[in-house]
Amino acid sequence: MARTTDHLGRPLVAVTGIGIVTSLGVGKQDNWAALTSGRSGIHRITRFPVEHLNTKISGMVDFLPSSTKGASPLTFELAATAAEEAIGESGLSIDDFGGPLFLASPPVELDWRDRFDLYKVGKGETAAQRIAQAASELQTLEMFESAQFGSIADRLADKFGTRGLPITLSTACASGATAIQLGVEAIRRGECDRALSIGADGSATAEALIRFSLLSALSTNDNPEKASKPFSKDRDGFVLAEGSAALVLESLDAAIARGATIIGLVTGCGERADDFHRTRSKPDGSPAIAAVRAAIADAGLGETGIAYVNAHGTSTPENDKMEHLSLSTVFGERIRNIPVSSNKSMIGHTLSAAGAIEAAFSLLTMREGVIPPTINYDHPDPAIELDVVPNVKREADVATVLSNSFGFGGQNTCLVMAREPQ
Amino acid sequence: MSNRDVLITGIGLVSCLGEGPDAHWRALSDAAAAPRIDSERFAPYTIHPLPEIDWNLQIPKRGDQRQMELWQRLGTYTAGLALDDAGIRNDEALCASMDMVIAAGGGERDEAVDAGILEASLSRNDREILLNEKLTTDLRPTLFLAQLSNLLAGNISIVHKVTGSSRTFMGEEGAGIAAIETAAARIRSGQSEHILVGGAFETEHPDMLLGYELGAFLHRGAWQPLWQRQGADGGGLVSGSGGAFLVLESRDHAEKRGRKAYAKIDAIVSDRIKRRDGAFEAELERMAEKVQRPAAETLVLSGASGAHVATGAEHGLYDRDRALAPRAFATRTGHLKEAQFPFAVALAALAIHNGAAYPPFDPQAERPVDGAPESVLATTVGYHVFEGMALLGKA
C-alpha cells in the first residue's frame with residue numbers, strides 16, 4: 001500500500017491528466033516530440049500587420065478556429081482544448097468533472113475591433129459617449145462577456161461541469177503555477193478530492209506586444225527560431241507567446257481508489273512577494289530565493305532532493321541573471337550538476353499559461369526520462385554557470401523537478417513535482 | 001471557540017461616504033442623509049464619486065503615487081487603512097509574513113490616446129496599422145503596469161511591504177467572494193495565520209462604466225434607491241468608487257498579539273447559480289440555508305447591485321423569508337464590483353462590533369431592526385454571475 005499522505009500528514013496530490021497547447025501544436029504528443037527534438041515554435045507574426053513595431057515575431061497559436069477572433073475567444077478555446085485532453089486522459093467525466101476550477105488567464109479588455117465598430121455607429125459628443133451609446137443598444141451579450149473577467153471560467157465551468165464558483169486568477173507570469181497551487185491547497189484542506197487547474201493565454205494582441213515592447217522586455221531579434229535564448233550572453237528579451245495547459249489534480253487516495261493512472265505528484269508549493277520594484281527583482285534575489293526554499297521545504301525535501309530545474313528562463317537579461325543567483329544561492333556549488341533547462345527557448349513566454357505549461361512539461365520529463373533542451377545556447381553567458389542541457393535533449397532518470405515562475409508585480413511561485421511518493 | 005477561528009481584526013473602507021470604519025458607521029447610521037452622487041459628469045449615468053483623499057497618508061512616496069492610476073492608488077490606500085486599523089502597518093515582521101488575496105479588475109486606459117485613435121479611424125481604413133502607429137508613439141510605458149490586474153497587489157507589496165504571498169483573483173463580484181472564502185479557508189486550515197484581503201473599484205473612468213453598459217446594466221435618469229429601480233430606465237445598477245480591505249487573523253494569532261476583533265466569520269458559501277434555469281430564487285434560498293443563519297430575525301448587509309434580474313431574485317428571497325432584514329448598502333455607496341463582497345462583510349462586522357443594526361437605507365423597502373445583532377449575514381449576488389454569502393458572529 002503506497003503512502004498517500006506527505007511529511008506533514010496532508011493528502012498527497014496526484015496529477016492524473018494533462019493537456020497542452022503551444023505554438024508547437026495541440027496535445028502532449030506533438031508538443032513533447034517537438035520540444036525534445038529542439039524545435040522552435042516561434043514564427044513571424046501574421047495575425048496583424050507589423051508596421052511600426054519593433055518586434056515582428058512571436059509564439060502565437062495561429063492554428064485554432066479562434067486564433068483570429070480576439071483574446072477572449074482564443075483564451076477560452078486554448079483553455080477548453082487543454083482541459084478536454086487532460087480530463088480525457090484522467091478518465092473522469094468530460095461534462096461532470098465534479099471538482100473546483102482554477103483558471104489562470106490574462107486580464108481582459110474590450111477588443112479594439114469592437115471599440116472601432118461601436119465608435120463608428122455611436123452617437124454623442126465625446127468618444128466615450130459614442131461608444132457607451134452604441135454599447136447600450138447591443139442586442140447580444142457576446143461583446144459584454146468578452147470584456148468580463150469572470151466569463152471564460154464561467155463558460156469552462158458550464159462545459160466541464162466543475163463545482164462551485166470558479167476562480168480566475170492572475171499573478172502575472174506566475175499565474176499558471178498559482179492555479180496549480182490553489183488546486184493543491186484545496187485538496188490538502190480536504191475541500192475536494194479533485195481540482196481542474198488551467199493556465200491559458202491567447203492575449204498576444206498588437207497592443208500587448210507594444211506594451212511589453214515599451215517596457216523593453218521583448219527580444220527585437222528578427223530571426224524567429226533564434227530569438228529566445230535563455231542564459232545566453234546575447235539574450236535580449238523574451239518572445240511573447242500563447243498557449244495553455246490543464247492539469248487534473250486528485251488526492252492520491254482518490255486517484256488510487258478509482259484505479260487512475262498516476263502521472264506524477266505535486267508535492268510542494270512556495271511563494272514570496274517582492275517589495276522592491278514593479279518590474280525588477282530585489283538585487284539580492286531574496287524573494288525568489290525564499291520562494292524556491294519554501295517550495296522545497298513544503299515538499300519535505302532538502303536541497304539535495306531536486307533532480308532537475310524547469311527554469312522560468314525568459315531570456316531577458318534581468319530574469320536569467322536573477323534566476324541563476326537564486327538557484328546558486330539555494331543549491332550552492334551543487335547547482336553545476338543539476339540540469340536546468342528553459343522550455344521558453346522553444347515556445348516563448350506564454351505569460352499567464354507559462355507556469356501550467358511548464359509544470360506539465362516537468363511531469364512529462366519525469367515520466368519519459370528525457371530532459372528537453374535549452375536551444376539557441378550558442379554563446380553561454382560566462383556569469384551564469386549552469387548546466388542548461390544545451391541544444392540537445394538528454395535522457396535522464398528524473399524523480400523530482402523544481403519549476404520556477406517569476407512575474408511582474410513581485411510574483412514568485414515555485415512548484416516541486418515528483419514521479420512517485422518519496 | 002477554536003484557535004483557528006477566523007477573526008476580522010482590521011477594516012479599511014473608502015467610499016463616497018468617507019474613509020474608515022467609524023466614518024462609515026456614522027454616515028450609514030444617519031437615516032436622513034442625502035445620497036452622495038454625481039449625475040453630471042457621466043450623464044446619463046449617475047455615479048457615487050470618491051471623497052477627498054490625501055493619498056500621502058497611506059502612500060507616502062510621490063514616486064509610488066505616480067506609478068499608479070486612481071484604481072491602484074485607491075486600493076493601495078484602502079489596504080493601508082486596514083493594516084493601520086489592525087496595528088500591522090509598519091510592523092516589518094508581521095507584514096513580511098502576511099498573506100494577501102486581492103480581488104481585482106483592470107486599471108484605467110489612457111482616455112486621450114484612445115480617443116485620438118478612434119477619431120483618426122474615421123478618416124482611415126487601415127485600423128490595424130493606425131493602432132500600431134499611435135500606440136507605439138502615444139502610450140506611456142509605465143501605464144501598462146497601472147493597468148495590470150495583479151499590480152494592485154504588487155503596489156501593496158511595495159508600499160506596505162506585505163510579502164508573505166500575493167494572489168490576485170479576477171471575475172467581478174465573484175473575485176471578492178472567492179478572495180474572502182479562500183482567505184478564511186486558509187486560516188481555518190492552518191495554511192495561514194494572517195491575511196490581507198479585499199479590493200477596490202474606481203468607477204470614474206468611461207471604460208469602467210462601459211464594462212457594465214455593454215450588457216445594458218446601468219440605471220439611467222433620476223437617481224432612486226436600489227430596491228426602487230425595477231421598471232425605471234436602464235439596467236438598475238448605479239456604480240460607485242470605493243474599496244474594502246479586511247485583515248483576517250486566526251484567533252490564536254490575534255490573541256498572541258493582544259488584538260481585539262470586530263467579529264468572527266462563521267461561514268461562507270459561494271456559488272455559480274445557473275440563472276437561466278429558472279431556479280435562481282430557490283438556489284439563493286438554499287445558499288441562505290447552507291450558511292446556517294439562525295432562525296431569529298437576521299440583519300442582512302446586502303451587496304445587491306440593482307441589476308434587475310439579480311436584484312429581483314434577491315428581493316424575492318427577502319419577500320419569502322421575512323426573518324431576513326436586508327440593508328442594500330449600494331443605495332448609499334453605489335455598486336463597488338470586486339470590492340462589493342468585502343464591503344458587505346466589513347459593514348456586517350461593524351454592526352456586530354457596534355452592537356446595533358443600521359437604520360433602513362431605504363425606509364420604503366427596508367424595515368427597522370431592534371437590539372444588538374448576534375449574527376449578521378453579508379450577501380453579494382453578482383450583477384451577471386456568481387453569488388456569495390457570509391455569516392458573521394461575535395468574536
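Structure first, text after, so check above.
Analysis parameters
Residues numbered from 1 in each chain as written. Chains lettered and ligands numbered in written order. Predicted model: local features only at pLDDT ≥ 70, side-chain atom pairs only at ≥ 80, totals over all residues. Heavy atoms only, no water. Helix = DSSP H or I, 4+ residues; strand = E, 2+ residues; numbered from the N terminus. Rg over C-alpha atoms; globule rule 2.2 N^0.38 Å. Buried < 20%, exposed > 50% of the residue type's maximum accessible area, 1.4 Å probe, protein only. Contact = heavy atoms within 4.5 Å. Areas by Shrake-Rupley, 256 points an atom, 1.4 Å probe, with all protein chains shown as cover. Lys, Arg positive; Asp, Glu negative; His and termini not counted. Charge placed at Lys NZ, Arg CZ, Asp CG, Glu CD. Core = buried A, V, L, I, M, F, W, Y, C linked by side-chain atoms within 4.5 Å. Expected span 1.5 Å × (residues − 1). Salt bridge = Lys/Arg side-chain N within 4 Å of Asp/Glu carboxyl O. Axes fitted to C-alpha atoms, helices over the stretch in contact; angles between N-to-C directions. Parallel < 35°, antiparallel > 145°, perpendicular 65-115°, else oblique. Left-handed = near helix turned anticlockwise from the far one by under 90°. Nonpolar A, V, L, I, M, F, W, Y, C, P; charged D, E, K, R; others polar. Polar contact = N/O pair within 3.5 Å; in protein donor to acceptor, adjacent residues only side chain to side chain. Buried area = accessible area lost by both parts, 1.4 Å probe. Pairing = 2+ DSSP bridges.

Residue-level account of the overall build of chain A, with values.
On a plain count of helices and strands, chain A comes out with 14 helices and 15 strands. Scaling as 2.2 N^0.38, a compact globule of 422 residues should have a C-alpha radius of gyration of about 22 Å, and chain A matches this with 21 Å. Dimensions of chain A, computed from the C-alpha atoms along their principal axes, are close to 70 × 50 × 40 Å. In chain A, buried positions account for 66% of the 422 residues. Restricting to contacts in chain A with at least 6 residues of sequence separation, those with at least 24 account for 77%. Accessible area of chain A: about 13700 Å², with a carbon and sulfur share of 49%. Separation of charge centres in chain A, based on 38 positive and 51 negative side chains, amounts to 3 Å.

Report on the nonpolar core, specifying residues and quantitative values.
Buried together is how nonpolar side chains tend to be arranged in soluble globular proteins. By size, the foremost hydrophobic cluster in this structure holds 104 residues, and its most contacted members are B:I8, B:V345 and B:Y358. Examining the composition of this core, we find that 11 residues originate from one element, helix α15 (residues 340–354) of chain B, more than from any other. When sequence neighbours within four positions are dropped, the list of residues in contact with B:V345 reads B:I8, B:I180, B:L246, B:I265, B:A378, B:A390 and B:L392. Counting 60 residues, the second largest nonpolar core, distinct from the first, contains A:F116, A:M143, A:A172 and A:L209.

Describe α15(B), listing the residues and the values that go with them.
Residues and elements named next belong to chain B. Over its 15 residues, α15 runs 21 Å from end to end, which matches the ideal 21 Å to within 8%, given 1.5 Å per residue. In terms of burial, α15 is largely enclosed, as 13 of its 15 residues are buried. Of the residues flanking the end of α15, it is G355, one or two places downstream, whose phi is positive at about 60°.

For the pattern of salt bridges, give the residues involved together with the corresponding values.
In this structure the tally under the stated criterion is 58 salt bridges over all chains. Two residues, A:D298 and A:R10, come together in a salt bridge whose shortest N-O distance is 2.9 Å. Residue A:D298 is found in helix α11 (residues 286–298), and its partner A:R10 is found in the segment before β1 (13–22); the two are separated by 288 residues along the sequence. For A:R10, a relative accessible area of 17% gives the class buried. A salt bridge links B:R186 to A:E185; the nearest nitrogen and oxygen atoms lie 2.8 Å apart. Here B:R186 is found in helix α9 (residues 172–189), whereas its partner A:E185 is found in helix α7 (residues 175–188) on a different chain. The structure contains a network of salt bridges with shared partners spanning A:K28, A:E85, A:E89, A:R367 and A:E368.

Can you tell me about the packing of helix α3 (residues 70–85) of chain B against helix α8 (residues 151–160) of chain B, naming the residues and giving the values?
Residues and elements named next belong to chain B. One way to put it is that α3 packs onto α8 with a least axis distance of 9 Å and a crossing angle of 50°. Put simply, α3 runs oblique to α8. Read as a crossing pair, α3 and α8 show a hand that is right-handed. Along the contact surface, α3 presents W71, Q72, G75, T76, A79, G80 and L83, while α8 presents L151, L152, N155, I156, V159 and H160. Looking at the contact of α3 with α8, its residues break down into seven nonpolar, six polar and no charged.

Got a sec to walk through the side chain of A:T400? Specific residues and values, please.
Residues and elements named next belong to chain A. As for its position among the elements, T400 is in strand β14 (residues 400–407). Since its relative accessible area comes to 4%, T400 is described here as buried. In this structure the side chain of T400 is engaged in a polar contact, spanning 2.5 Å, whose partner is the backbone oxygen of G305.

Just give me the short version of the interface of chain A and chain B, but keep the residues and values in it.
The interface of chain A with chain B comprises 74 residues on the first partner and 79 residues on the second. Between chain A and chain B, roughly 6600 Å² of surface is buried when both sides are summed, and carbon and sulfur atoms account for 62% of that area. When the buried surface of chain A facing chain B is broken down by residue, A:F116, A:L165 and A:R278 rank first, second and third, together holding 13% of it. With its nearest N and O atoms 2.9 Å apart, the salt bridge here joins A:D117 to B:R127. Across the contact surface, chain A and chain B share 29 residue pairs in polar contact (both at pLDDT 80 or more). Those elements that provide at least two residues to the side of chain A that touches chain B are α3 (112–121), α4 (127–136), α5 (142–146), α6 (151–160), β6 (167–170), α7 and α8 (206–214) of chain A. No other element matches α3(A), which puts eight residues into the side of chain A that touches chain B. Per-class residue counts for the side of chain A that touches chain B are 37 nonpolar, 15 polar and 22 charged. In the sheet, β6(A) pairs with strand β5 (residues 167–170) of chain B via three bridges, with the strands oriented antiparallel. Along β5(B), the bridge assignment pairs A:T168 with B:M170.

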